[in-house]
Amino acid sequence: MTASRVAVIDYGMGNLHSVAKALEHAGALRVEVTSDPAIILAADRVVLPGVGAIRDCVSELRQLGLDQVVREVVKEKPLLGICVGMQMLFESSEENGGVDCLGLFPGKVSFFGNELYEGDVRLKVPHMGWNQVKQNIDHPMWHRIDQDARFYFVHSYHAQPGKHTHIAGRCRYGVDFAAAVIQDNIFATQFHPEKSHTNGLQLMQNFLAWDGRW
């Protein structure tokens, strides 16, 4: 059953309208890009997007009081975090000399480094473009998405979850890193489903159908 109402949290950062359009294309009956806590808490599903510097993202989220709204959301309904929206869910990030994040997942976010290699090939940072995601678990969010399906990434930092059981999908770019994480009714991706064509659309459709259980 497709969710009738989805809130995309607007804290001034992220591909808000690209995410909203993708959700509409996936079948959401109503998508609201909003910073209003009442609207967010009344939605069936909530999306936390994010691009850019994590310090700015966390600062704006807290300034608007939306960090507490996110904590309320995850008690009762499905939340999808995207890119920096995923990274903010961890305890801290190395970016900008160290940033305290929301702490909903144990673990930290680390820089790929300036000397990143795959064999003898030096890799560019940021990691930008299409890459395969290996699914770690059987989960409703992976419904009708093939093992090693390709998704679109743009990032210089990657999450290192404190518990391996929170990793829903892995990717390799010089190092193995968490491409997707799961905890209760939270599913979050380092990649951008709104930029990932067929696989991204399917993941959005799965999110609209997911009741938060697995």
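Residues numbered from 1 in each chain as written. Predicted model: local features only at pLDDT ≥ 70, side-chain atom pairs only at ≥ 80, totals over all residues. Heavy atoms only, no water.

Just give me the short version of the overall build of the protein chain, but keep the residues and values in it.
Within the protein chain one finds six helices and 15 strands. Over its C-alpha trace the protein chain gives a radius of gyration of 16 Å, about what one expects of a compact globule, namely 17 Å for 214 residues. For the protein chain, the spread of C-alpha atoms along the principal axes amounts to about 50 × 40 × 30 Å. A buried classification covers 54% of the 214 residues belonging to the protein chain. Within the protein chain, counting contacts between residues at least 6 apart in sequence, those at least 24 apart form 72% of the total. Within the structure as shown, the protein chain displays about 9,500 Å² of accessible surface, and the carbon and sulfur contribution to it stands at 46%. Looking at charge distribution, the protein chain has the averaged site of its 20 positive side-chain charges lying 2 Å from that of its 24 negative ones. (Helix = DSSP H or I, 4+ residues; strand = E, 2+ residues; numbered from the N terminus. Rg over C-alpha atoms; globule rule 2.2 N^0.38 Å. Buried < 20%, exposed > 50% of the residue type's maximum accessible area, 1.4 Å probe, protein only. Contact = heavy atoms within 4.5 Å. Areas by Shrake-Rupley, 256 points an atom, 1.4 Å probe, with all protein chains shown as cover. Lys, Arg positive; Asp, Glu negative; His and termini not counted. Charge placed at Lys NZ, Arg CZ, Asp CG, Glu CD.)

So what's going on with the UniProt feature "domain: Glutamine amidotransferase" (unreviewed entry) in the protein chain? Residues and values would help.
Per the UniProt entry, the sites bearing "domain: Glutamine amidotransferase" (unreviewed entry) are residues 8–208 in this numbering. Overall, residues 8–208 shows 25% helix and 34% strand. The separation of its end C-alpha atoms is 13 Å. (UniProt positions renumbered as here; feature names shortened; annotations may be inferred.)

Report on the pattern of salt bridges, specifying residues and quantitative values.
Applying the stated criterion to the full structure yields 11 salt bridges. Measuring nitrogen to oxygen at the nearest pair gives 3.2 Å for the salt bridge that ties Lys 134 to Asp 148. On the criterion of sequence distance, the pair formed by Lys 134 in strand S10 (residues 127–135) and Asp 148 in the loop between S10 and strand S11 (149–155) is long-range, its members being 14 residues apart. On the accessibility criterion, Lys 134 (44% relative accessible area) is partly exposed. Under the relative-accessibility criterion, Asp 148 is labelled partly exposed at 27%. (Salt bridge = Lys/Arg side-chain N within 4 Å of Asp/Glu carboxyl O.)

Got a sec to walk through the packing of aromatic side chains? Specific residues and values, please.
Taken as a whole and judged by the stated rule, the model has 10 aromatic pairs. Aromatic side chains Phe 151 and Phe 191 sit 4.1 Å apart centroid to centroid with 25 degrees between the ring planes, which places their arrangement in the stacked category. Of this pair, Phe 151 sits in strand S11 while Phe 191 sits in the loop between strand S15 (186–189) and helix H6 (197–209), and the two are 40 residues apart along the sequence. For Phe 151, a relative accessible area of 0% puts it in the buried group. A connected cluster of aromatic rings, assembled from ring pairs, spans Phe 112, Trp 142, Phe 151, Phe 153, Tyr 173, Phe 177, Phe 187 and Phe 191. (Phe/Tyr/Trp six-rings, centres within 6.5 Å; stacked < 30°, edge-to-face > 60°.)

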